[in-house]
Each structure stands twice: as structure tokens, then as C-alpha cells.
Amino acid sequence: MTMEGTEAGDARIRARDRALSLLNNITAYVAFAAVAGVGILGTVSALTIPGVSASSSSSAMVSATTSTSSGSSSTSSSSSGLSSSSGSVSSSSSSGVAVSGGS
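Residues numbered from 1 in each chain as written. Predicted model: local features only at pLDDT ≥ 70, side-chain atom pairs only at ≥ 80, totals over all residues. Heavy atoms only, no water.

(A) Focus on the overall build of the protein. The number of helices and strands found in the protein is two helices and two strands. Listing the helices and strands of the protein from first to last along the sequence gives α-α-β-β. Counting all 103 residues of the protein, 2% fall into the buried class. Accessible surface computed for the protein: about 9100 Å², of which carbon and sulfur atoms make up 60%. (Helix = DSSP H or I, 4+ residues; strand = E, 2+ residues; numbered from the N terminus. Buried < 20%, exposed > 50% of the residue type's maximum accessible area, 1.4 Å probe, protein only. Areas by Shrake-Rupley, 256 points an atom, 1.4 Å probe, with all protein chains shown as cover.)

Below, the structure is given as C-alpha cells:
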């Protein structure tokens, strides 16, 4: 092989290395931009989409009482259509059933 062929081969190798380095840098920049974009969109969405905050969730559970004109009956309703349960959870006294196998 001649000296000219070696120099041409080295030039192609250096050009390939520069192209791969540029491609790696572009990939890193695109990945960083994607992560930053998701963070920005998430923040904007959290600030602009209406939701339930801690202070408004407690007021949603407050019930309003309305009396009729005779005063003999009253109706209670939740302002948001949600009702809370004040009952307790109890366990049954029967033994459990184990199922094995299956189809």
C-alpha cells in the first residue's frame, strides 16, 4: 500500500469519527430537550388545569341543610355530590377459603 492510500484512509477514518461524535452530541441534546420539555409541559399543565386543592376538598364535604317553609323537615346534601361515610370496617368470623389450581 502506498503512502497516498494510507493518508486517504486516515482522512476517511477521521471524518467518520467526527460524524459519530457529532451524532452522539445531537442525541444527547435531543434527550436533554425531551426531558426538559416534559418537565415544562407538566408544570404548565399542573398550573393551568383546574383540580381539587386541599382547602377546597374540605369544603366540598360540608353539607348544607335546607328547611322547608313549615320548618318540619330538612334536607341534607353535599355541595359536590359526594358524601362521606362515618361507618367502621369490621371483619367476618368465617374462615377463609383457599383455591388452588385453575383452568
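The structure having been displayed, the exposition proceeds.
(B) Local environment of the pattern of salt bridges. Throughout the structure, instances matching the rule amount to one salt bridge. Among the ionic pairs, Asp-17 bridges to Arg-16, the shortest N-O distance being 3.8 Å. Of the residues examined, Arg-16 reaches a relative accessible area of 48% and is grouped as partly exposed. (Salt bridge = Lys/Arg side-chain N within 4 Å of Asp/Glu carboxyl O.)

(C) Region of the structure containing the confidence of the model for the protein. A residue-level look at the protein finds 53% of positions with pLDDT of 70 or above and a mean pLDDT of 73. Confidence drops under a pLDDT of 50 for residues 56-78, and excluding neighbours within four residues, the segment shows 20 contacts in the predicted structure. (pLDDT = per-residue confidence, 0-100. Contact = heavy atoms within 4.5 Å.)

(D) Region of interest: a nonpolar patch on the surface. Taken together, Leu-22, Ile-26 and Val-30 make up a surface patch of nonpolar side chains, about 280 Å² in accessible area. Tracing the backbone through its elements, the reader meets Ile-26 in helix H1 (residues 3-48). You can call Ile-26 partly exposed: its relative accessible area is 44%. (Patch = residues over 30% accessible without salt bridge, like charges linked within 9 Å, V, L, I, M, F, W, Y side chains within 5 Å.)

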